[in-house]
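Architecture and fold: a report
Now for the letters of each chain:
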Amino acid sequence: MTKREEITHYIEEYIEKYVADEIILSVNEIRKWPIVDRICENSDSANICNAMDAVKKYRYEYVAGIQGSTTYTLKCICD
């Protein structure tokens with residue numbers, strides 16, 4: 001499994017377990033998760049962004065920032 005696939009799995013798992021209707025996810029916040037910290041180096045924003053974009057279980061909307069950077073933010077909506 002690639003880094004992106006692992007991070008996508010953890011994002012989907014987190015949403016499934018802890019989010020009732022919607023959540024704002026940012027690269028900086030996901031980077032702070034201990035499991036993601038073990039997978040990524042500090043300069044791995046692109047992998048986290050790509051993982052966020054790969055979430056298929058939930059609908060998401062672009063909120064702010066530049067794709068591939070630490071400012072990238074999405075809103076995931078659980079239907």
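Attention here is on the structure that accompanies the text.

Cut-offs applied
Residues numbered from 1 in each chain as written. Predicted model: local features only at pLDDT ≥ 70, side-chain atom pairs only at ≥ 80, totals over all residues. Heavy atoms only, no water. Pairing = 2+ DSSP bridges. Helix = DSSP H or I, 4+ residues; strand = E, 2+ residues; numbered from the N terminus. Axes fitted to C-alpha atoms, helices over the stretch in contact; angles between N-to-C directions. Expected span 1.5 Å × (residues − 1). Buried < 20%, exposed > 50% of the residue type's maximum accessible area, 1.4 Å probe, protein only. Arc of directions from axis to C-beta. Contact = heavy atoms within 4.5 Å. Salt bridge = Lys/Arg side-chain N within 4 Å of Asp/Glu carboxyl O.

Attention shifts here to the sheet that holds strand S2 (residues 59-64). Spatial strand order, S1-S3-S2: 3 strands in an open sheet with antiparallel pairing. With one partner strand each, in any of the chains shown, strand S1 (22-26) and S2 form the two edges of the open sheet. Looking at each pair of strands side by side, their axes are set apart by 25° on average, direction ignored. Across 5 bridges, the pairing between S2 and strand S3 (residues 73-77) is antiparallel. If you follow tyrosine 60 over to S3, its bridge partner there is cysteine 76.

Compared with the 22 Å implied by 1.5 Å per residue over 16 residues, the 22 Å span of helix H1 (residues 3-18) between its first and last C-alpha is a close match. For H1, the complete set of buried residues consists of Ile7, Thr8, Ile11, Glu12 and Ile15. Looking down the long axis of H1, one finds its buried residues gathered within 135° of arc, a one-sided arrangement. Set apart from the buried face of H1 by more than 90 degrees, the exposed residues are Glu16, Lys17 and Tyr18. Close packing links the buried residues of H1 with S1, helix H2 (27-32), helix H3 (34-39), helix H4 (45-53) and S3.

Let's shift gears to the side chain of serine 26. You can see serine 26 is positioned in strand S1. Judged by relative accessible area, serine 26 falls into the buried class, the value being 14%.

This brings us to the pattern of salt bridges. Summed over all chains, the structure comprises 6 salt bridges. Among the ionic pairs, glutamate 22 bridges to lysine 75, the shortest N-O distance being 3.9 Å. Taken together, the residues glutamate 22 in strand S1 and lysine 75 in strand S3 connect sequence positions 53 residues apart.

Once that is clear, we can look at H4. Taken as a whole, H4 has its buried residues at Ser45, Ile48, Cys49, Ala51 and Met52. Projected down its long axis, H4 carries its buried residues within an arc of 160°, all on one side. Where H4 is buried, its residues touch H1, S1, H2, H3, S2 and S3.

Let us look at the pairing of S3. Within S3, 4 of the 5 residues are buried, which leaves it mostly tucked inside the rest of the structure. Of the pairings in the sheet, the one linking S1 to S3 comprises 5 bridges and is antiparallel in character. Counterpart to isoleucine 24 in the pairing with S3 is lysine 75.

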